[in-house]
Amino acid sequence: MRLSRSLLAASLLVVMLAVPAGSALAIRPETQPTAVGVAQREFHITPYRRSVPAGAVKLNIRNYGEDVHNIVVRGPRGFTAVGPNVDSGSGATWTVKLRRPGTYSLLCTRANHLKLGMKAKLKVVKPKKK
Ligand SMILES: [Cu+2]
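Residues numbered from 1 in each chain as written. Predicted model: local features only at pLDDT ≥ 70, side-chain atom pairs only at ≥ 80, totals over all residues.

**Q** Help me understand the nonpolar core in this model?
**A** Most often, soluble globular proteins keep nonpolar side chains buried together rather than apart. Of all hydrophobic cores here, the largest spans 17 residues; its most connected members are Val 38, Ile 71 and Leu 106. Counting only elements with at least two residues in this core, the list comes to β4 (55–63), β5 (69–74), β8 (102–107) and β9 (119–125). Setting aside residues up to four positions removed in sequence, Leu 106 forms contacts with Val 38, Ile 45, Pro 47, Ile 71, Val 73, Lys 119, Ala 120 and Leu 122. (Core = buried A, V, L, I, M, F, W, Y, C linked by C-beta atoms within 7 Å. Buried ≥ 20, exposed ≤ 12 C-beta atoms within 10 Å, placed from the backbone. Helix = DSSP H or I, 4+ residues; strand = E, 2+ residues; numbered from the N terminus. Contact = placed C-beta atoms within 7 Å.)

**Q** I keep staring at the sheet that holds β9 and nothing clicks. Help me out?
**A** Picture the strands of a sheet paired through backbone hydrogen bonds; they go either parallel or antiparallel. The mixed open sheet is built from five strands, whose spatial order is β3-β9-β8-β5-β6. The open sheet is flanked by β3 (51–53) and β6 (80–86), the only strands paired with a single partner. Each neighbouring strand pair of the sheet contributes to a mean axis angle of 25°, computed without reference to strand direction. Where β8 lies against β9, six bridges are found, and the strand directions are antiparallel. Each residue of the ladder has a partner; that of Leu 106, found in β9, is Ala 120. (Pairing = 2+ DSSP bridges. Axes fitted to C-alpha atoms, helices over the stretch in contact; angles between N-to-C directions.)

Geometric values such as these leave the question of function open.
Right under this line is the structure:
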């Protein structure tokens, strides 16, 4: 009992020394992308979040459809980023930096998919101050 208690105290001390108060959280917005699931099918594209804080966004894309789909992000001031093709029944992850707050579009630009409705909106908002 006495031994395990001092072990616990020692390991707590190690954790406290290794992680100065607040630093882990303060670094987070820069280093940790915001994960967003994105479902694709004929002919819809559905992000599982409406808005994300500005910064890196990790899109976890899954193609539930029969066709190959891709993903293109368009945003303010002509921002365009082109992501991967995603085969039927498979997935891809793609990290894209969305630095400027505003309304972005997620699109599939293969064949006539965009015309058929493969677009969705994603809002990028100012990250909260810590
Ligand atoms: Cu498509």
